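What the coordinates show
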Amino acid sequence: MSAGVGVLGSAFNPPHLGHLALAQEALWQLGLGEVILVPTGSAPHKRIVDDPGREVRMAMTRLAAAEDNRLSVSSLEVDREGPSYTYETLELLAKERGETELVFVMGADAAVGLESWRNPERVVELARLAIARRAGVSEAEVMATLRSLGAAGRATMLEMPQFGVSSSAVRERASQGRPLRYLVPEPVARFIEEKGIYR
């Protein structure tokens, strides 16, 4: 059995160091061979705020992942028409990856809302879950949701370093022309500044 493959989906608007730290912790704590970053095409339940467009988010995600050979980027959702549902993405990745175990990486804040997703039973059937602890979300809440989906035994809580960086904060700084270095990967900071994204 090969080492599992992590799947980390996000708008990546823009990708920041918190995303990469989450990928790293999943790799390290779960002994994964790789983490695939999957930028959202169009989000089913919320508008992507200040969206520079899926191609731009895809380009930034590729730049963010370029310096770590354990990270790859999938355009599955960006290439697909219509809303991006996680279970469909996992079905496609499962086909692509054959026997490899998939591990869906998510924040505890997302995990407590899992029941409201489209076809959540299929999500937990296709992948184990790696759930990053988040301030303000108790492990008990997360576990109650997972139990209701019959997935309590298929989840691992990840210990996460606390990051005070969010995509919305980075967009706000970019809109004011403030420096982005040390908040997003260097090539992403350069790309945002050179192209005037979020200005």
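Residues numbered from 1 in each chain as written. Predicted model: local features only at pLDDT ≥ 70, side-chain atom pairs only at ≥ 80, totals over all residues. Heavy atoms only, no water.

Turning next to the overall build of the chain. Across its full length, the chain holds 9 helices and 6 strands. Its C-alpha atoms give the chain a radius of gyration of 16 Å, near enough to 16 Å, the size a compact globule of 199 residues would have. Split into buried and exposed, the 199 residues of the chain put 47% on the buried side. Long-range contacts, defined as pairs at least 24 residues apart, comprise 75% of the intrachain contacts of the chain with a sequence gap of at least 6. Of the roughly 9,700 Å² of accessible surface on the chain, a fraction of 48% belongs to carbon and sulfur atoms. (Helix = DSSP H or I, 4+ residues; strand = E, 2+ residues; numbered from the N terminus. Rg over C-alpha atoms; globule rule 2.2 N^0.38 Å. Buried < 20%, exposed > 50% of the residue type's maximum accessible area, 1.4 Å probe, protein only. Contact = heavy atoms within 4.5 Å. Areas by Shrake-Rupley, 256 points an atom, 1.4 Å probe, with all protein chains shown as cover.)

So, on to the pattern of salt bridges. Opposite charge on two side chains permits pairing when their charged atoms draw close. If you walk through the whole model with that rule in mind, you get 11 salt bridges. A salt bridge links E139 to R133, with the shortest nitrogen-to-oxygen separation between them at 2.5 Å. For E139, a relative accessible area of 35% puts it in the partly exposed group. R133 gets classed as partly exposed once you look at its relative accessible area, which sits at 29%. Here R133 makes a salt bridge to E159, at a shortest N to O gap of 3.0 Å. Here R133 is found in the loop between β5 (127–132) and α7 (139–148), whereas its partner E159 is found in the loop between β6 (155–158) and α8 (167–175), with 26 residues between them in sequence. Look at the salt bridges and you will find they share partners, linking E91, R122 and E125 into a network. (Salt bridge = Lys/Arg side-chain N within 4 Å of Asp/Glu carboxyl O.)

This paragraph deals with the environment of D109. Relative to the elements of secondary structure, D109 occurs in helix α5 (residues 108–111). Between the alpha carbons of D109 and E139 there is a distance of 10 Å; along the sequence they are 30 residues apart. Not counting residues up to four positions away in its chain, the partners in contact with D109 are R134 and V137. A polar atom in the side chain of D109 sits 3.5 Å from the side chain of R134. (Polar contact = N/O pair within 3.5 Å; in protein donor to acceptor, adjacent residues only side chain to side chain.)

Take the pairing of β5 next. For β5, the buried fraction is high: 5 of the 6 residues fall into the buried class. Of the strand pairs in this sheet, strand β4 (residues 102–107) and β5 are connected by 6 bridges, and their pairing is parallel. For V105, the partnering residue across the bridge sits in β5 and is A130. Each parallel crossover has a hand, and for β5 linked through α7 to β6 it is right-handed. (Pairing = 2+ DSSP bridges. Right-handed = clockwise from strand over helix to strand, strands pointing away.)

Further remarks concern the packing of helix α2 (residues 54–65) against helix α9 (residues 186–195). For any two helices packed against each other, one specifies the crossing angle of their axes together with the interaxial distance. Running from amino to carboxyl end, α2 crosses α9 at an angle of 150°, the nearest separation of the two axes being 7 Å. When you trace α2 past α9, the crossing you get is right-handed. On the side of α2, the interface is formed by V56, A59, M60, L63 and A64, while α9 contributes P187, V188, F191 and I192. (Axes fitted to C-alpha atoms, helices over the stretch in contact; angles between N-to-C directions. Left-handed = near helix turned anticlockwise from the far one by under 90°.)

Turning our attention to the side chain of T100. Among the secondary structure elements, T100 is positioned in the loop between α4 (86–97) and β4. Classification of T100 by relative accessible area gives buried; the value is 18%.

Take the side chain of S167 next. Take S167: it is sitting in helix α8. S167 sits in the buried class, given a relative accessible area of 16%. Among the polar contacts made by the side chain of S167, one reaches the main-chain carbonyl oxygen of P14 at a distance of 2.9 Å. If we ignore the near neighbours within four places in the chain, the residues touching S167 are N13, P14, H16 and H19.

Our focus in this paragraph is the sheet that holds strand β3 (residues 71–73). The parallel open sheet is built from 6 strands, whose spatial order is β3-β2-β1-β4-β5-β6. Every other strand in the sheet has two partners, leaving β3 and β6 as the edge strands with one partner each. Each strand axis lies, on average, 30° off the axis of its neighbour in the sheet, ignoring direction. As defined by bridge partners, strand β1 (residues 5–10) adjoins β4 across 4 bridges and the pair is classed as parallel. What sits directly across from L8, in β4, is V105.

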